Number of protein chains: 2
Amino acid sequence: MADARRGPRERMVFSAAQLIRRDGVTATGMRDVAAHAQAPRGSLQHYFPGGKEQLVGEALAWAGRYAGDRVARFCAGMAEPTPGGLFAAMVRQWTDEFESAGFAAGCPVAAATVDCAGSAAPVRAAAADAFAAWTGPVARALAGMGVPAERAGPLATLMVSALEGAIVIARAEQDVRALATVARELAPLLDGSVVRAG
Amino acid sequence: MADARRGPRERMVFSAAQLIRRDGVTATGMRDVAAHAQAPRGSLQHYFPGGKEQLVGEALAWAGRYAGDRVARFCAGMAEPTPGGLFAAMVRQWTDEFESAGFAAGCPVAAATVDCAGSAAPVRAAAADAFAAWTGPVARALAGMGVPAERAGPLATLMVSALEGAIVIARAEQDVRALATVARELAPLLDGSVVRAG
DNA sequence: CGCCGACTATGACAGCTGTCATAGTAGCGG
DNA sequence: CCGCTACTATGACAGCTGTCATAGTCGGCG
């Protein structure tokens, strides 16, 4: 949980992301973050002079980077990468977590958007950047699988949208049904978008 | 805003839904709800002895009912109903609101799920019911358009998932791009699921 | 040693939260 | 008129929030 190898600053960013995705931005207190990271409370104002907005913003940037990096790892793990296979891997990551760790935590970017889109502009912008850092690698991966360039971006947006929505529904229902459904129903459309060379 | 025709109780439920979808559950105070509904603060404990959980639960039930009822109205407004057309109408409702009223407010059910799934079980259950009250009519509408019974439910879940996710992304980006994308990309899949009679 | 910067510790601050207790008022049937 | 119910009004409560001010403690460098 509190990995001492990483510095206290990075630990707090990581902990903020974890608490946000569980309880939302508003319900996550600065003191909670410090305690969860096993970091001194006084370090908060030292490392994050911009206050809560800065901490939340960095947590979202971290989450976006993490999600984007995972995409490449999913592709590397597949024998013959297909769009439907990539989407299945993205979905499986969530079904695995829900089934092993429960439905308490969702996506931190979605949580921050829902909590702050109408109030804190900098956080909202950080959420948009995080989505971009996630959707971009997905679109590039699709293009690498033979999806025409002009369709890779829209399909990536569709994949992330469906996944985010299914995450929310799964948490409400406490059942991975919605995740399994979107993976199954979307696969033909995704795989059908590949243009075979030769 | 504060429709005097409806009683103060119903006004508070309505106001709660509006404030929740804008600021989230945690950031929405009981005093705010009473003020927004132009209802006396003392009425809160009178009409909602179950406290905030009851108020939020009723707001979600109202939202779910409202979304479900809209589906029938969308179908009635279409000359020849198709799955893609229904989804386009559901999406358009949101693009219209975002473009006219800004991106401050999203879906109250998603907001409550993100805020409470890990903490308040009754609210989480109310969110699940609200999703069911929304997805059910969508599935029945699909079935009425010629979609095989065993596919109507899953496709309805896919539609709601994609819409919810696109709403979140649109709010983060302050752009209806994601909504337009999911409507366009999903239409062929939806319309292709119709089995022609004869 | 002295000094300085990085980091930590702690207490205070005003403001807000949901909830409760208590009292008060209006309306109406009898 | 009483009495009752439905509803309103208001103040208090403990607990939490983000932020700030102030002081303290290291470690290393000259």
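Provided above is the structure to which this section pertains.
Residues numbered from 1 in each chain as written. Chains lettered and ligands numbered in written order. Predicted model: local features only at pLDDT ≥ 70, side-chain atom pairs only at ≥ 80, totals over all residues. Heavy atoms only, no water.

A.B. asks: Go over the overall build of chain A, please, and point to the residues and values.
C.D. replies: Along chain A, the regular secondary structure elements total nine helices and zero strands. Secondary structure elements of chain A occur, N-terminal to C-terminal, as α-α-α-α-α-α-α-α-α. For chain A, whose C-alpha radius of gyration is 18 Å, the value lies close to the compact-globule estimate of 16 Å for 198 residues. A principal-axis box enclosing the C-alpha atoms of chain A has dimensions of 60 × 35 × 30 Å. Restricting the contact set of chain A to residue pairs at least 6 apart, pairs at least 24 apart contribute 68%. Summed over all atoms, the accessible surface of chain A reaches about 8,200 Å², with 53% contributed by carbon and sulfur. (Helix = DSSP H or I, 4+ residues; strand = E, 2+ residues; numbered from the N terminus. Rg over C-alpha atoms; globule rule 2.2 N^0.38 Å. Contact = heavy atoms within 4.5 Å. Areas by Shrake-Rupley, 256 points an atom, 1.4 Å probe, with all protein chains shown as cover.)

A.B. asks: Could you give me a rundown of the packing of helix 9 (residues 177–191) of chain A against helix 9 (residues 177–191) of chain B, with the residues and numbers involved?
C.D. replies: Where helix 9 of chain A contacts helix 9 of chain B, the two axes come as close as 11 Å, and the packing angle between them is 100 degrees. In terms of axis orientation, helix 9 of chain A runs roughly perpendicular to helix 9 of chain B. Contact residues: A:Glu185, A:Leu186 and A:Leu189 in helix 9 of chain A; B:Glu185, B:Leu186 and B:Leu189 in helix 9 of chain B. (Axes fitted to C-alpha atoms, helices over the stretch in contact; angles between N-to-C directions. Parallel < 35°, antiparallel > 145°, perpendicular 65-115°, else oblique.)

A.B. asks: Tell me about the environment of B:Cys107, residues and numbers included.
C.D. replies: All names here are of chain B. By the secondary structure assignment, Cys-107 is in the loop between helix 5 (83–101) and helix 6 (108–116). Through-space distance from the C-alpha of Cys-107 to that of Trp-134 is 12 Å; in sequence the pair is 27 residues apart. Filtering out sequence-adjacent residues up to four positions away, Cys-107 remains in contact with Arg-21, Trp-94, Glu-164 and Ile-167.

A.B. asks: Please set out the protein's contact with DNA strand D residue by residue, giving values where relevant.
C.D. replies: Neighbouring residues of DNA strand D: 17 residues in total, closest A:Met30, A:Arg31, A:Gln45, B:Pro40 and B:Ser43. Of everything in DNA strand D that lies within 4 Å of the protein, sugar and phosphate atoms constitute 49%. Within the backbone of A:Thr28, an N or O atom sits 3.2 Å from a phosphate oxygen of DNA strand D. Within the contact set of DNA strand D, a phosphate oxygen lies 2.8 Å away from a side-chain nitrogen or oxygen of A:Lys52. When residues of the surface near DNA strand D are traced back to their parent elements, those giving at least two are helix 2 (30–36) and helix 4 (51–76) of chain A together with helix 3 (42–47) of chain B. Counting residues per element, the surface near DNA strand D draws most heavily on helix 3 of chain B, which supplies five residues. (Near = heavy atom within 4 Å. Polar contact = N/O pair within 3.5 Å; in protein donor to acceptor, adjacent residues only side chain to side chain.)

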